Amino acid sequence: MAKNIQAIRGMKDILPEQTPLWQFLEDTVRSVLSRYGYGEIRMPIVELTELFKRSIGEVTDIVEKEMYTFDDRNGDSLTLRPEGTAGCVRAGLEHGLLFNQVQRLWYRGPMFRHERPQKGRYRQFHQIGVESFGLEGPDVDLEQILITHRIWRELGLDGLELQLNTLGTAEERTAYKVLLVDYFRSRIDELDADSRRRLESNPLRILDTKNPDMAAVVSDAPTLMDHLGDASRAHFETLCAGLDAAGVAYVINPRLVRGLDYYARTVFEWVTTRLGAQGTVCAGGRYDGLVKQLGGRPTPAVGFAMGLERLIALLEEGETAKRLPSVDLYLVMMGETAQREGVQLAERLRDELPDLRLIVNCGGGGFKSQFKKADKSNARYALIFGDDELANGEVGIKPLRGEGEQQQVKLSELAGIIAGLTA
Ligand code: HAM
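Residues numbered from 1 in each chain as written. Predicted model: local features only at pLDDT ≥ 70, side-chain atom pairs only at ≥ 80, totals over all residues. Heavy atoms only, no water.

If you look the chain up in an unreviewed UniProt entry, it shows as Histidine--tRNA ligase from endosymbiont of Escarpia spicata. Per UniProt, the chain has the following entry under Subcellular location (unreviewed entry): "Cytoplasm". Its UniProt record gives the chain a comment under Catalytic activity (unreviewed entry), which states: "tRNA(His) + L-histidine + ATP = L-histidyl-tRNA(His) + AMP + diphosphate + H(+)". (UniProt positions renumbered as here; feature names shortened; annotations may be inferred.)

Colleague: Please provide a residue-by-residue account of the overall build of the chain, values included.
Modeller: Along its length, the chain carries 16 helices and 16 strands. Relative to the 2.2 N^0.38 estimate, which gives 22 Å for 423 residues, the radius of gyration of the chain is 28 Å and therefore markedly larger than a compact globule would have. Seen through its principal axes, the chain has C-alpha atoms that stretch 90 × 60 × 45 Å. Going through the 423 residues of the chain one by one, you find that 50% of them count as buried. Accessible surface, the chain: about 21,100 Å² in total, of which carbon and sulfur atoms supply 50%. Charge-centre separation for the chain: the mean point of 53 positive side chains lies 3 Å from the mean point of 62 negative side chains. (Helix = DSSP H or I, 4+ residues; strand = E, 2+ residues; numbered from the N terminus. Rg over C-alpha atoms; globule rule 2.2 N^0.38 Å. Buried < 20%, exposed > 50% of the residue type's maximum accessible area, 1.4 Å probe, protein only. Areas by Shrake-Rupley, 256 points an atom, 1.4 Å probe, with all protein chains shown as cover. Lys, Arg positive; Asp, Glu negative; His and termini not counted. Charge placed at Lys NZ, Arg CZ, Asp CG, Glu CD.)

Colleague: Help me get a handle on the state of the cysteines, residues and values and all.
Modeller: Using the criterion set out here, one finds zero disulfides in the structure. Cys240 carries a free sulfur, and the closest cysteine sulfur to it, the one in Cys282, is 17 Å from it. Exposure remark for Cys240: the relative accessible area of 9% places this residue in the buried category. (Disulfide = S-S within 2.5 Å.)

Colleague: With reference to specific residues and values, describe unusual backbone geometry.
Modeller: Unlike most non-glycine residues, Asn100 shows phi in positive territory, near 60°. In this structure Asn100 comes out as exposed when scored by relative accessible area, which is 70%. For Arg258, which is not glycine, the phi dihedral falls at a positive 75°.

Set out below in C-alpha cells:
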C-alpha cells in the first residue's frame, strides 16, 4: 500500500473539534477592533522577496534563515509572508491609503517562518495584526495597548504581563550603537560567534540573545533608555502615564529589542510563563521610518500582532473552552412520512430559532443506529419524530448528556421549549 502523505512539519491542521475555540477567539478580537474603529484589510500571502528584505531587515533571523523563498515561473523571487506589517504598508502605499491621512487597519491569516518547530512555534502560524498610520503621538500607542488589554479581558485570559521599552529614534539609536559597540568590544571574549558577527551588522540584536552564557555581558551593557533625546523620553513617559491612568500594569524591560528592524520608540510584548519558551503572545511597536523606507512620504505608524496558536493554547487551559457551544439537537426520524415531515419541521425550527444548531439524521437507519450517530455528534438533545409522535402531533426530546427523562412536547410548543433548553 502506498504511504499516506503527511502535512509538512510545523504546519498543523485545525480540526472541527478545535474550530469553535478559534472562532470564539477570532470573533472576539474582530468585535473589539471594530468597536475601536479599525477596518479589515486582506493582503496576498505571497509578496516579492525584496519587500521583506527592505522592511524586516537583511540581518534578522527571519530574513537570514526563516523565509520560504522561491522563484516563480517568471524567475521572480517570491516569499510566503513571514509577517503582515510589510505587506500592509505595501498595500497602503499602492492604494494611496497612507499619504496625509489617518488609517486604522487590521488583518489576519497565516504567516510562514522556517523555524525549528516546538510547542507554540510553528512553520505556518496565524496572526491577527493591527496597524495605524498617520498618528505620531503616544495616544495611539496607548490606544493599541488598551485594545490588547480589552481583548484579554473579553477572552477571559489573565496572568499576561505587559513588557514595555523604547528604542528611541533612528538617530538616537545610531549614537547609542556606537556606545554599545565600544562596550561589547571591551568584553569581546564573552560574546558568542553569532554576536561577534552582529557586532558589525546589528549590535542591538545582541541584547536579544537567548544564550545564557551571555547573560552577564548583556545585563551590564549601557541601556538606550539612558541615552534618549527629550522628545523620545517625553513620548515614552506620556505613554506610561496613560497606562497608569488606565490601570494597566506594565514592566519596563530595557532589553526588549524585538526581532524585526523597523521599530523606533515604543516597543511592547505581552508575555506569559505558562507556554514554556514561546511565551510571547502579542508583540509590536512604533515603526515611524518604514513607510518612507518602502518609498512613501514619512508617515508615523504603530502596530502589533498576536500569535493565535499561543492564545489558543492558553484558552484551552481555561474555562471558556469548556463552555463553547456544540450541537444543540439531533433529529431522529422513523418511517417514511416522519422523515419527510421531519425535514420540514427542522426548517421551521431554523426559521424560528436562528442560533439553533440542529443536525437532521441522514441515511436512515433504525432507532439504535440513529441514536448512536446522535451521541457521536455531541448534541445535547435528541429530537424524536416517529409514527406515534406524528399521529399525536408531538415530538420527543431526550437529553443525551447527563441525567433527565424523555419528554413529549406538542409541535406548537416545541420552538419555545427548545429556546428555553438551549438558552
Ligand atoms: P513578531 O514578534 O515577529 O511581530 O510576531 C508577533 C507574534 O506572532 C509573536 O509574539 C508570536 O505570538 C507570534 N509568532 C511569531 N512567530 C511564530 C511562530 N513561528 N509560531 C507561532 N507563533 C508565532 C510581527 O510579526 C510584527 N509584524 C508585529 C507588528 C505589527 N509590529 C508592528 N505591527
